[in-house]
Amino acid sequence: MRWTRRACTVLVAGVLSMSACKPEEPEPPPPPVTTDSQGDWEDTGRYAACEVVNSSAIACGDLENVKVSGCDVSSLASMPRDGIYTMVYRNDAAVPAIGVGSFRVSADGSLDAFRGATPTERQVDSDTFFLSSTRKQSSSVTVRYSVVGCRAEGNRLYGCYVNCRNGKANGSGTFLAERWTRRAGEAEASGLTLTSESAVEGGLPVDIYVTQGHAYVVSIPDGAERGGLTVFDVSNPAAPVLETRITQLNDNYWNGVWAKGNALYVASASSGVVVFDISEPANPKLLKSLPSGRGQIDVHTVFVEGDRLYGMSPSPSPQTLIFDIQRPTEPVLLGEYAEPGATTDPTVGFPHDALAFEGMLYINHWSSGYLMVDLSDPANPKKVGSYTYPYATSHANAVGKFGDRRIAFEGGESWGAHLRVVDVTDPVHPVRIGEYKLEASASIHNMVLKGERLYISHYHHGVRVLDVSVPENPKEVAYYNTFREADPGRGESFYEGAIGMRVPGDGYVYVIDTSRGLLIFPEP
């Protein structure tokens, strides 16, 4: 468009009688943004009366780095000393930002975890709560993270945190931590019965796809363990058989997986979309990585609809890649969608997940919310509308037809993240019409819509099945609490528990739990 403007200006100026350049059409107005005032998290001010002290006489992250004179430290004696806590951090900026985390404490300290590892310093007694973790991030960078309790109320702890880099504070504020417990009145399960459970060795399992009688589970690195691809024969769901595991030395952060025909697509943080041939389902053969010739590219999730493959790439340039897969093992890049400003402004966020439905691409674009992109010209996709809300972390979605309406189910991934039901019949003016909420201390993750049932992997709250026949009023009809405190690795992250899910239509629900691995249930 800019080149056309310049060319026409020269022609008109040089030869006034020329009429080759038509009057320029005005730029179309930007699509409207529908903003919901109700966010996942509401700022009610600082969580605690403690203060971070900046003094050259105090080492950054030491217990004395936090002043607790205004705190009710005597209440710390009532804090449960054995359990897993999820937490939300609030910084002290004029417009506060939040983050999430987790820690684990035990009576004798033997099971303690903070920032994914055993704390390097710990003091937990009747009037003190202090955890600190120091680690080498690189040969030239040492980081330290510390939390100090200010007061306790029931299962909640309030306090201050300070983050340090090479001995200097680079972040501080207050936090709220809540001890995990199973929801009041719930048993292990209702309406769902566990058929089988299979451990996934190596890395942290995060996603699954089921096709040709096989389950393909992808994992990300977990400490020294590399991530990769694990294949199970699930032709007998009651007794899955481990067939093979594939991992690579420098490319093993594999976070998403999908398939079409004899092609398996894996989302890689290093090499984009990794394509495997699964004509022998138990023995995937690596074919290529796409897109080629661009160097390292992070694709976080993948999605297939019909003859299109979509790869959501957070970096180096946030964009959604669109491939033609009429020949499934030979994807061809058709186009890309990049949200304006995403490459230069980090507040615009990045595409985390997406779903295509009847010519529209619905993108969960993190802090920019939920985007609706017209795919009628895949080489030139155009946004037609969006839906956002305060402190958005738009993460996953599902879309379906309910009568004459097109209904979307959207969720974030943070403290307070929950399910929103949005009428997107008119994508220019999406409207929230319903929601489903559990406790703020455990986030939802993925979701699958099958008919009038919505299946949700809800991290610490396990598997949730909703009847959404009346979209305005989702009703829980079944659940299974996959989270158990005694399982290995619990308490190391906010993002633990039921994480990946598929309902392939064979009568079973396939769930990935970050500790327990592959869980299979009959459809309720």
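A quick note: this is a predicted structure, and the numbers were derived from the prediction, not measured. (Residues numbered from 1 in each chain as written. Predicted model: local features only at pLDDT ≥ 70, side-chain atom pairs only at ≥ 80, totals over all residues. Heavy atoms only, no water.)

## Comments concerning the overall build of the protein chain
1) Next: Looking only at helices and strands, one finds one helix and 40 strands in the protein chain.
2) Next: Whereas a compact globule of 524 residues would reach a radius of gyration of roughly 24 Å, the protein chain reaches 25 Å, a difference of no more than 12%.
3) Next: Reported as C-alpha extents along the three principal axes, the dimensions of the protein chain are approximately 85 × 65 × 50 Å.
4) Next: Counting only residues that meet the buried cut, the protein chain has 52% of its 524 residues in that class.
5) Next: A sequence separation of at least 24 residues applies to 50% of the contacts in the protein chain between residues at least 6 apart.
6) Next: As displayed, the protein chain offers around 22,100 Å² of accessible surface, 50% of which is attributable to carbon and sulfur atoms.
7) Next: If the 45 positive side-chain charges of the protein chain are averaged to one point and the 62 negative ones to another, these points end up 3 Å apart. (Helix = DSSP H or I, 4+ residues; strand = E, 2+ residues; numbered from the N terminus. Rg over C-alpha atoms; globule rule 2.2 N^0.38 Å. Buried < 20%, exposed > 50% of the residue type's maximum accessible area, 1.4 Å probe, protein only. Contact = heavy atoms within 4.5 Å. Areas by Shrake-Rupley, 256 points an atom, 1.4 Å probe, with all protein chains shown as cover. Lys, Arg positive; Asp, Glu negative; His and termini not counted. Charge placed at Lys NZ, Arg CZ, Asp CG, Glu CD.)

## Description of the packing of aromatic side chains
1) Next: Applying the stated criterion across every chain, the model contains 17 aromatic pairs.
2) Next: Judged by centre distance (6.0 Å) and plane angle (25°), the rings of Y362 and Y370 are stacked. Taken individually, Y362 and Y370 each receive the classification buried, so the pair is uniform in this respect.
3) Next: Seen from their ring centres, F402 and F409 are 6.0 Å apart, and the 65° between their planes marks the pair as edge-to-face.
4) Next: Using a relative accessible area of 10% as the deciding quantity, one classes F402 as buried.
5) Next: Relative accessible area serves as the criterion here: at 0%, F409 is assigned to the buried category.
6) Next: One cation-aromatic arrangement involves R151 over Y158; the distance from NZ or CZ to the ring centre is 3.9 Å. (Phe/Tyr/Trp six-rings, centres within 6.5 Å; stacked < 30°, edge-to-face > 60°. Lys NZ or Arg CZ within 6 Å of the ring centre and 35° of its normal.)

## Concerning the sheet that holds strand β32 (residues 419–423)
1) Next: If you walk across this open sheet you meet the four strands as β30-β31-β32-β33, and the pairing is antiparallel. The open sheet terminates on both sides in strands that have one partner only, identified here as β30 (394–402) and β33 (431–436). Shown here is a sheet whose adjacent strand axes are inclined to one another by a mean of 25°, direction ignored. (Pairing = 2+ DSSP bridges. Axes fitted to C-alpha atoms, helices over the stretch in contact; angles between N-to-C directions.)

## Considerations on the pattern of salt bridges
1) Next: For the structure shown, the criterion picks out 32 salt bridges.
2) Next: Residue D112 pairs with R122 through a salt bridge whose shortest N-O separation is 2.1 Å. Taken together, the residues span a long stretch of sequence, with D112 in the loop between β5 (98–105) and β6 (113–114) and R122 in strand β7 (residues 121–125) at a distance of 10 residues.
3) Next: Taking relative accessible area as the criterion, D112 reaches 4% and is therefore assigned buried.
4) Next: Residue R122 is classed as partly exposed on the basis of its relative accessible area, which comes to 34%.
5) Next: The closest approach of N and O atoms between E336 and R294, which form a salt bridge, is 2.3 Å. Within this pair, whereas E336 is found in strand β25 (residues 332–337), its partner R294 is found in the loop between β21 (285–290) and β22 (301–305), the two being separated by 42 residues in sequence.
6) Next: You can call R294 partly exposed: its relative accessible area is 37%. (Salt bridge = Lys/Arg side-chain N within 4 Å of Asp/Glu carboxyl O.)

## A look at the environment of R516
1) Next: Mapping R516 onto the fold places it in the loop between β39 (508–513) and β40 (517–522).
2) Next: A polar atom in the side chain of R516 sits 3.0 Å from the backbone oxygen of T482. (Polar contact = N/O pair within 3.5 Å; in protein donor to acceptor, adjacent residues only side chain to side chain.)

## Focus on the confidence of the model for the protein chain
1) Next: Mean pLDDT over the protein chain stands at 93; residues scoring 70 or higher make up 94%.
2) Next: This model gives residues 1–24 a pLDDT under 50, and the stretch forms seven contacts once residues within four places in sequence are excluded. (pLDDT = per-residue confidence, 0-100.)

## Topic: the state of the cysteines
1) Next: Under the defined criterion, the tally for this structure stands at three disulfides.
2) Next: Each disulfide pairs two cysteine sulfurs, and for C50 the partner residue is C160, the sulfurs being separated by 2.2 Å. Handedness of the C50-C160 disulfide follows from its S-S torsion of about 105°: it is right-handed. Placement of C50 in the loop between β1 (33–35) and β2 (51–52) and of C160 in strand β10 (residues 156–165) is noted, with a sequence separation of 110 residues between them.
3) Next: The buried category is assigned to C50, whose relative accessible area is 0%.
4) Next: On the basis of relative accessible area, C160 is assigned to the buried category, the value being 0%.
5) Next: C71 shares a disulfide with C150; S-S distance 2.0 Å. When the S-S torsion is -100°, as for the bridge of C71 with C150, the disulfide is left-handed. (Disulfide = S-S within 2.5 Å.)

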